[in-house]
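# Reading the structure
Here's the letter readout for the chains.
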Amino acid sequence: MTLREVDLAELMRAANRGDTQAYRKLLREVSPVLRGFARHAFLRYGLSNEDVEDIVQETLLAMHLKRHTWVESRPLLPWVRAIAHNKLVDHLRRSGRRRQHVPIDEFSDLLVADPTASLSSGLDAEAAMGKLKGRQRDVVVAISVNGKSARQVAEDLRMTEGAVRVVLHRALRSLSKALRNDQL
Amino acid sequence: MKTDDLIEALVQDAFRPQRSPAQRVLGATLLGALIAGTLFASVLGVRPDISSAFETWRFVLKLALALICMACAWWACLELARPEVRLKDVFGWIALAPALLAVAVLYELVAIPPAHWSERAVGNYAATCLLAIPLLSIVPLAALLAALRAGAPRVPASAGAVAGLLAGALSAALYATHCPDDSPLFVAVWYTLAVGLVTLTGALLGHRILRW
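Residues numbered from 1 in each chain as written. Chains lettered and ligands numbered in written order. Predicted model: local features only at pLDDT ≥ 70, side-chain atom pairs only at ≥ 80, totals over all residues.

### A word on the overall build of chain A
From N to C terminus, chain A includes 8 helices and 0 strands. Burial status across chain A gives 37% buried among its 184 residues. Put simply, of all contacts in chain A between residues at least 6 apart along the chain, 66% involve residues at least 24 apart. (Helix = DSSP H or I, 4+ residues; strand = E, 2+ residues; numbered from the N terminus. Buried ≥ 20, exposed ≤ 12 C-beta atoms within 10 Å, placed from the backbone. Contact = placed C-beta atoms within 7 Å.)

Now the structure itself:
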């Protein structure tokens, strides 16, 4: 765990300095850890594994939008775990299990992630995408699903690259808000 | 949407330089202090005998407690804006000012005869204290809650409560320089009540608006 912590924190520090490769690597490495956490918690509460990917995606989104709440001198994984915990509690609340105590400390033995990573689509996120309007939706789909860069999208949609990035950022915030408020 | 697709969108979202919650909370505190200070100076103002008041331990203690409470609440506010910090992690800081106040109360109870206890506790301007501190707190509390929306508090109500405590302590420090009631007994009853009210308001508002 210690090694992993050091590596991940290093990636996050690099990401904070604008290294997008490091950021991509960090999010990819963290995803299976989050998946293990969500599976474990769902098993414990007798929920089906269908929604595991929702927790993973909501946590990644929250990590992204709240990344400045991590202090570089502190360990990264407790911060990640706390965000996952918040999203899990939200999820349990939405599925009618109010205020259950979710012990996150057990999560620490799951840091050796399951390599058979599921890439099933997150259904909630899919529905939340439907809530995005016009340009926000176009930009998110072009970048995430079609894998285009912000520059390519800017050319396609006749926008400046800066404008595409602003739209993307707003879209991610709306996505997170839609998931949180359960406007699905 | 596949998780890898989402990651692509997150990576493409530019790493614009963001202000950290610490910077935002600092900004909100300064803004709140400036506006509450201006309001205080134009409506209440410091007491006429302020320079001689500084020579009495009761006045100095009253002001010092408000400032200590403010500093501790500020630290707690920064900490509780992070998702991994729990209320118990900062509880020692929050409890410092009340603990010092309790010691001061005990000292006062020993220093003055029981016949004067209630007179000191009731004081002369209890109603002003209860009104002025919450009113002065409005702008600082609003600014702090707005700043904390950038944070990710584990329990939104706790983060809102410490924001209320900070706003209340700031207003109490201002009001302390106006108020002629200096006894720790007065402070323990009325200042605590006034700041407690602001703290409670912060908790209720935080619970509603600091979710993320």
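Moving on, there is more to tell.
### Here we look at the packing of helix H2 (residues 21-43) of chain B against helix H8 (residues 156-176) of chain B
All names here are of chain B. As a packed pair, H2 and H8 sit with axes 10 Å apart at the nearest point and diverge in direction by 35°. Between H2 and H8 lies a crossing of right-handed hand. Residue-level inspection shows Thr-29, Gly-32, Ala-33, Ala-36, Gly-37 and Phe-40 of H2 in contact with H8, the latter providing Leu-166, Ala-167, Leu-170, Ser-171 and Leu-174. Residues that form the contact of H2 with H8 fall into these classes: 7 nonpolar, 4 polar and no charged. (Axes fitted to C-alpha atoms, helices over the stretch in contact; angles between N-to-C directions. Left-handed = near helix turned anticlockwise from the far one by under 90°. Nonpolar A, V, L, I, M, F, W, Y, C, P; charged D, E, K, R; others polar.)

### Focus: the interface of chain B and chain A
The partner chain A presents 39 residues to the 27 residues of chain B that form the contact. Counting residues per element, the side of chain B that touches chain A draws most heavily on helix H1 (residues 3-12) of chain B, which supplies 10 residues. Residues of the side of chain B that touches chain A, tallied by class, amount to 13 nonpolar, 5 polar and 9 charged.

### A short note on the nonpolar core
If you look at the biggest cluster of nonpolar residues, it comprises 60 residues, and the most contacted ones within it are B:Ala73, B:Cys77, B:Leu144, B:Val162, B:Leu166 and B:Ala169. Among the elements of the structure, H2, helix H4 (57-80), helix H5 (87-111), helix H7 (126-148), H8 and helix H9 (184-209) of chain B are those that each provide at least two residues to this core. At 14 residues, the largest contribution of residues to this core is made by H8(B). Membership of the second largest hydrophobic core comes to 51 residues, among which are A:Leu60, A:Val139, A:Ile143 and A:Leu168. (Core = buried A, V, L, I, M, F, W, Y, C linked by C-beta atoms within 7 Å.)

### Comments concerning the domain arrangement of chain A
How big an interface is tends to be reported as the loss of accessible area on association of its parts. All names here are of chain A. Along its sequence, chain A is organised into domain 1 (2-119) and domain 2 (124-180). The partner domain 2 presents 8 residues to the 8 residues of domain 1 that form the contact. When residues in the side of domain 1 that touches domain 2 are grouped by element, the largest group, 7 residues, is from helix H3 (residues 52-65). (Domains from an automatic or database assignment.)

### Quick word on the packing of helix H2 (residues 20-44) of chain A against H3(A)
Packed helices, taken two at a time, are described by their axes: the angle between them and the distance between them. All names here are of chain A. Between H2 and H3, the shortest axis-to-axis distance is 8 Å and the interhelical angle comes to 135°. It follows that H2 is oblique to H3 by the angle criterion. As for the relative orientation of H2 and H3, their crossing is right-handed in sense. In contact with Leu-27, Ser-31, Leu-34, Arg-35, Ala-38, Arg-39 and Phe-42 of H2, H3 contributes Val-52, Ile-55, Val-56, Thr-59 and Leu-60. Of the residues contributing to the contact of H2 with H3, the split by class is 8 nonpolar, 2 polar and 2 charged. (Parallel < 35°, antiparallel > 145°, perpendicular 65-115°, else oblique.)

### A look at the confidence of the model for chain B
Residues and elements named next belong to chain B. In the predicted model, chain B carries a mean pLDDT of 93, and the fraction of residues at 70 or more is 98%. Per-element confidence in chain B is highest for H8, whose mean pLDDT is 97, and lowest for H1, whose mean pLDDT is 88. Scored as a whole, the predicted complex attains pTM 0.86, and scored at its interfaces, ipTM 0.84. (pLDDT = per-residue confidence, 0-100.)

### Section: helix H4 (residues 77-94) of chain A
All names here are of chain A. With 18 residues, H4 should reach 26 Å at 1.5 Å per residue; the first-to-last C-alpha distance of 25 Å fits that figure. Within H4, the full set of buried residues consists of Trp-79, Val-80, Arg-81, Ile-83, Ala-84, His-85, Asn-86, Lys-87, Leu-88 and His-91. Residues of H4 that are buried sit in contact with H2 and H3. (Expected span 1.5 Å × (residues − 1).)

### Section: the environment of B:Phe40
As for its position among the elements, B:Phe40 is in helix H2. Judged by the 21 C-beta atoms lying within 10 Å of it, B:Phe40 is buried.

### A closer look at the environment of B:His178
Residues and elements named next belong to chain B. Note that His-178 resides in the loop between H8 and H9. In this structure the C-alpha to C-alpha distance between His-178 and Ala-188, which are 10 residues apart in sequence, comes to 17 Å. In contact with His-178, other than residues within four places in its own chain, are Leu-44, Gly-45, Val-46 and Arg-47.

### Digging into the confidence of the model for chain A
In this model, chain A carries an average pLDDT of 80, and 79% of its residues clear a pLDDT of 70 or more. Counting interchain partners and residues more than four positions distant, the pLDDT-below-50 stretch residues 108-119 of chain A has 22 contacts.

### Some remarks on unusual backbone geometry
Residue and element names in this part refer to chain A. The phi dihedral of Arg-158 is positive, around 55°, even though this residue is not glycine. Residue placement: Arg-158 occurs in the loop between helix H7 (150-156) and helix H8 (161-180). The class of Arg-158 is exposed, set by 7 C-beta atoms lying within 10 Å.

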